[in-house]
Structures are given as C-alpha cells and as structure tokens.
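A look at the structure
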Amino acid sequence: MALQWLILSYVVAAEVAIAVVLTLPYPMLLKKRVVSLVSLILQPAASIVAFAAFQLCDIYWKNEHRLSCSSEVCTATERDRYEKSIYKAQRNVVLCAVGILLYWCIYRICKYNKDLELLEEAEKRHKDE
C-alpha cells in the first residue's frame, strides 16, 4: 500500500522540479525548447490526475468505512493507531491535491509560453508588412 504513495510523492517532486525549470529566466531559444519538451511530456503525464483522483476516492471510501475509536472501550494504543491513520489520510489528501494542482500549473505555464510565442510571431508578421 505504501508503494503508491511513494510513487505519487516522487511524481510530485518531479512536478516541482519541472515547474521550477519552467519558471526560471532563460534565453528565448532555450526557453522555447524547454517548453516544447515539457509539452511533449504533459500528455502522457496526465495520467497522474486520474491516479490522484482515484487515490482521493480510495481515501474517502476508507474514511467512510473506518472503525471509529471514540468510546471509552478503546485502549490507548488503539486510539493512537486511529489518530495515526487519520493523520496519514490527511497527508495523502494533501499529496494528491498538490499533484493535481502542480500538473495544472505546469500545463498553464506551457500554454502561456506557447500563446506568447504565437503573439510574438503575429507581431513580427505585422511589422514585416
């Protein structure tokens, strides 16, 4: 069960690195190449959105069917285990949300750069006329 969260955390770390690389100031030629490379990666990487959404559904289902330990019959270790599972679920929800949000940010940064490139080409054509 922990393997899926390890994979998701590595993907989120890679998304952070990509977002940082995209937002660094580069010369225009290098910037265009980086954006085109990341744009090629974006379509297959869209599966992270579905994976994170599935994990969110799984967390929700487990939360709805979790045995609560709020009565006085529970021992201290059972109560600690219950609280620990709640904290892990909250951490995993944040991880899924960050993964989806970072993917969207990377997509918007690439789209913004492509639109900017198209506008520069249109301006160049109008100047040539």
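Not measured: the values here are computed from a predicted model.

Conventions used here
- Every chain is numbered independently, its residues counted from 1 as its sequence is written.
- Local features in a predicted model are, by the rule used here, given only for residues with pLDDT of at least 70; side-chain atom pairs are given and counted only at 80 or more, and totals for whole chains, interfaces and linings are based on all residues.
- Side-chain measures were taken over the full set of non-hydrogen atoms in the model, leaving aside hydrogen atoms and water.
- Here a strand is any run of E in DSSP of at least two residues, a helix any run of H or I of at least four, and the numbering for each starts at the N terminus.
- In this analysis, the expected span of each helix is defined as 1.5 Å times one less than the number of residues it contains.
- Whether two residues are in contact is decided by their heavy atoms: any pair within 4.5 Å suffices.
- Angles here are taken between N-to-C directions and fall from 0 to 180 degrees, while the axes themselves are lines fitted to C-alpha atoms, restricted in helices to the stretch in contact.
- When describing relative orientation, an angle under 35 degrees is termed roughly parallel and one over 145 degrees roughly antiparallel, while 65 to 115 degrees is termed roughly perpendicular and anything else oblique.
- Handedness of a helix crossing follows the sense of rotation of the near helix relative to the far helix, less than a right angle counterclockwise being left-handed and clockwise being right-handed.
- Charged residues are taken to be Asp, Glu, Lys and Arg, nonpolar residues to be Ala, Val, Leu, Ile, Met, Phe, Trp, Tyr, Cys and Pro, and polar residues to be all remaining types, Gly included.
- Classification of residues uses two cut-offs on accessible area relative to the type maximum, computed with a 1.4 Å probe and protein chains only: under 20% is buried, over 50% is exposed, and between them is partly exposed.
- Each C-beta atom gives one direction from the helix axis, and the arc is the one those directions make.
- Salt bridge, as used here, is a side-chain nitrogen of Lys or Arg placed within 4 Å of a carboxyl oxygen of Asp or Glu.

This brings us to helix α4 (residues 76-128). The end-to-end C-alpha separation of α4 is 78 Å, in line with the 78 Å expected for 53 residues at 1.5 Å each. As for α4, its buried residues are in contact with α1 (2-23), α2 (28-45) and α3 (47-64).

Our next topic: the packing of α1 against α4. Following both chains from N to C, one finds α1 and α4 inclined at 30°, their axes separated by 9 Å at the closest point. Here α1 lies roughly parallel to α4, going by the angle between them. Crossing handedness for the pair α1 and α4: left-handed. Contacts from W5, L8, S9, V12, E15, V16, I18, A19, L22 and T23 in α1 reach N92, L95, C96, V98, G99, L102, Y103, I106, I109 and C110 in α4. Grouping the amino acids of the contact of α1 with α4 by side-chain chemistry returns 15 nonpolar, four polar and one charged.

One can describe the packing of α1 onto α2 by two numbers: an axis separation of 10 Å at closest approach and a directional angle of 150°. With respect to α2, the axis of α1 lies roughly antiparallel. You can see that α1 and α2 cross each other, and the crossing is left-handed. Residue-level contacts link I18, V21, L22 and T23 of α1 to K31, V34, V35 and V38 of α2. Per-class residue counts for the contact of α1 with α2 are six nonpolar, one polar and one charged.

This paragraph deals with α3. Here α3 is 18 residues long and its end C-alpha atoms lie 26 Å apart, about the 26 Å a rise of 1.5 Å per residue gives. Those residues of α3 that sit buried are I48, A52, Q55, D58 and I59. Burial along α3 is one-sided: seen end-on, the buried residues are contained in an arc of 115°. Seen from the open side of α3, the exposed residues pointing more than 90 degrees away from its buried face are A50, F54, C57, Y60 and W61. If you follow the buried residues of α3, they end up packed against α1, α2 and α4.

It is worth spelling out the pattern of salt bridges at this point. Here the structure, examined in full by the defined rule, presents three salt bridges. For K127, the salt bridge goes to E123, with nearest N and O atoms at 3.9 Å. On the criterion of helical spacing, the pair formed by K127 and E123 is a turn pair, its members being four residues apart in helix α4. By relative accessible area, which is 44% here, E123 ends up partly exposed.

From the geometry alone we can't say anything about function, so treat these as descriptive.
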